[in-house]
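Residues per chain, in single letters:
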Amino acid sequence: MHRSAPRLTRILACAAVPVMLVVAGCSSDSDGGSGSAKGKGSASSATPQPTQSTKTVEPAKYAKLPDFCKSISSKTTADLVPKAKTKNGTAATSTDLTSRGGCSWNGLDDKGVKGSQYRWLDISLYRYDSDVALGSGQERARQSLGKELAKLQATEGAKKLSTTDAEGIGDEAKAVAYELRKTGEDFRYASIVARTGNVVVLLSYNGAGYHGASTPSAKTIMDGAVKATKEAVAAVAAANK
């Protein structure tokens with residue numbers, strides 16, 4: 001009984017102080033109780049936190065673009081645009097030739113009493129790099145293809161507009177055909193938007209007959225556009241070998 005008296009005295013003393021002090025100083029009779037709690041706190045704060053994983057994206061397939069005015073062979077441009085004003089094409093203005101650029105050819109083939117045939121061929125190429133915030137170059141190019149296709153399908157004044165898959169051109173491609181009345185003549189258009197890796201190829205080919213000449217057939221214009229686009233897609237791959 002005498003040995004338990006000190007313990008009873010301590011318990012009564014703790015009961016008389018505020019609760020917060022009881023927790024701090026009177027929580028346990030066991031040796032090292034308070035020190036043990038501090039030790040746990042130190043260990044918790046010292047434990048290294050798991051680091052966030054670094055986000056990565058698929059590398060861009062192509063790092064270069066071809067010479068735009070040479071992306072279609074001179075033989076093909078001569079066939080599609082007879083009597084072109086500039087045989088080697090007219091390069092489009094670009095502030096970054098590593099990412100975008102283009103070239104065009106146009107000309108009027110005068111056939112005398114049989115009238116004249118006008119042709120226009122235009123090629124544009126857009127290359128997209130992979131970016132952690134924006135996505136892979138391939139995905140960005142895929143999104144660009146969708147936007148360019150939507151623009152073509154919304155061509156003001158277009159008649160008999162149709163959209164089809166252009167198989168065998170790059171990784172994916174769409175062909176848009178339509179008619180448009182300009183300068184008092186009926187023009188036939190064939191536009192193809194294709195994706196090869198992280199590069200988008202946008203090609204437009206159109207023509208009209210003047211001075212009594214017949215309007216070129218839709219097949220003639222579309223076949224020419226397909227041929228030229230295939231060459232441009234091949235030129236992208238060749239530039240990156």
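See the structure printed just above.
Everything quoted here is computed from the prediction, not taken from an experiment. (Residues numbered from 1 in each chain as written. Predicted model: local features only at pLDDT ≥ 70, side-chain atom pairs only at ≥ 80, totals over all residues. Heavy atoms only, no water.)

Q: Looking at this structure, I do not really get the state of the cysteines. What am I missing?
A: What makes a disulfide is a covalent bond joining the sulfur atoms belonging to two cysteines. Under the counting rule described, the total for this entry stands at one disulfide. Between C69 and C103 runs a disulfide, and the two sulfur atoms are separated by 2.0 Å. Because the torsion about its S-S bond is 95 degrees, the bridge between C69 and C103 counts as right-handed. Separated by 34 residues along the polypeptide, C69 in the loop between α3 (33–46) and α4 (74–80) and C103 in strand β2 (residues 100–110) bring together distant segments of the chain. Each member of the pair, C69 as well as C103, is classed as buried. (Disulfide = S-S within 2.5 Å. Helix = DSSP H or I, 4+ residues; strand = E, 2+ residues; numbered from the N terminus. Buried < 20%, exposed > 50% of the residue type's maximum accessible area, 1.4 Å probe, protein only.)

Q: I would appreciate a short explanation of the environment of A173 in the present structure.
A: Looking at the element boundaries, A173 is found in strand β5 (residues 172–182). Since its relative accessible area comes to 8%, A173 is described here as buried. Sequence separation of A173 and L145 is 28 residues, and the distance between their C-alpha atoms is 8.3 Å. Residues within four places of A173 in sequence aside, it is in contact with T164, D165, A166, I192, V193 and A194. (Contact = heavy atoms within 4.5 Å.)

Q: Is there a simple way to explain the sheet that holds strand β6 (residues 185–196) in this structure?
A: Across a sheet, strands are paired by hydrogen bonds formed along the backbone, either parallel or antiparallel in direction. Taken in spatial order, the seven strands line up as β1-β2-β3-β7-β6-β5-β4 in an open sheet, and their pairing is antiparallel. The sheet is open, and its two borders are formed by β1 (90–91) and β4 (159–165), each paired with just one other strand. Sheet analysis places β2 next to strand β3 (residues 116–127), joined by eleven bridges and oriented antiparallel. Each residue of the ladder has a partner; that of D109, found in β3, is Q117. (Pairing = 2+ DSSP bridges.)

Q: Whenever I open this one, the pattern of salt bridges confuses me. Can you help?
A: Opposite charge on two side chains lets them pair, provided their charged atoms get close. With the rule as written, the count across this model stands at 13 salt bridges. Residues D79 and K75 are paired through a salt bridge, measuring 3.2 Å at the closest nitrogen-oxygen approach. Placement of the pair is D79 and K75 together in helix α4, with a separation of four residues, close to one helical turn. Residue D79 is classed as partly exposed on the basis of its relative accessible area of 46%. One continuous salt-bridge network, built from bridges that share partners, spans E139, R142, D171, E172 and R195. (Salt bridge = Lys/Arg side-chain N within 4 Å of Asp/Glu carboxyl O.)

Q: Please clarify how the nonpolar core should be interpreted in this entry.
A: When a protein is soluble and globular, its nonpolar side chains tend to lie buried together. Counting 30 residues, the largest nonpolar core has L121, I123, L125 and L203 as the members making the most contacts within it. For this core, the secondary structure elements donating two or more residues are β2, β3, β5, β6, β7 (199–210) and α6 (218–239). Those residues in contact with L121 that sit more than four places away from it in its chain are I72, T77, L80, V81, C103, S104, W105, L203, S204, Y205 and A228. Counting residues in each nonpolar core, the second largest holds 16 residues, with L152, V176, L180 and F187 among its members. (Core = buried A, V, L, I, M, F, W, Y, C linked by side-chain atoms within 4.5 Å.)

Q: I would appreciate a short explanation of the side chain of R119 in the present structure.
A: Along the chain, the position of R119 falls in strand β3. If we skip the residues at most four places from it in the chain, R119 touches L80, V81, P82, W105, N106, G107, Y205, N206, G207, A208, P216 and I221.

Q: Where do I start with the pairing of β7 in this structure?
A: The two faces of the sheet receive side chains in turn, since in a regular strand these alternate between them. The element β7 is largely enclosed, with a buried count of twelve among its twelve residues. Along β7, one buried face is formed by V199, V201, L203, Y205, G207 and G209 and the opposite face, lined by V200, L202, S204, N206, A208 and Y210, is buried too. The pairing of β3 with β7 spans twelve bridges and is classified as antiparallel. Note on β7: the bridge partner recorded for D122 is S204. With antiparallel pairing between neighbouring strands as the criterion, β6 and β7 make up a hairpin whose turn holds two residues, including G197 at a positive phi of roughly 60 degrees.

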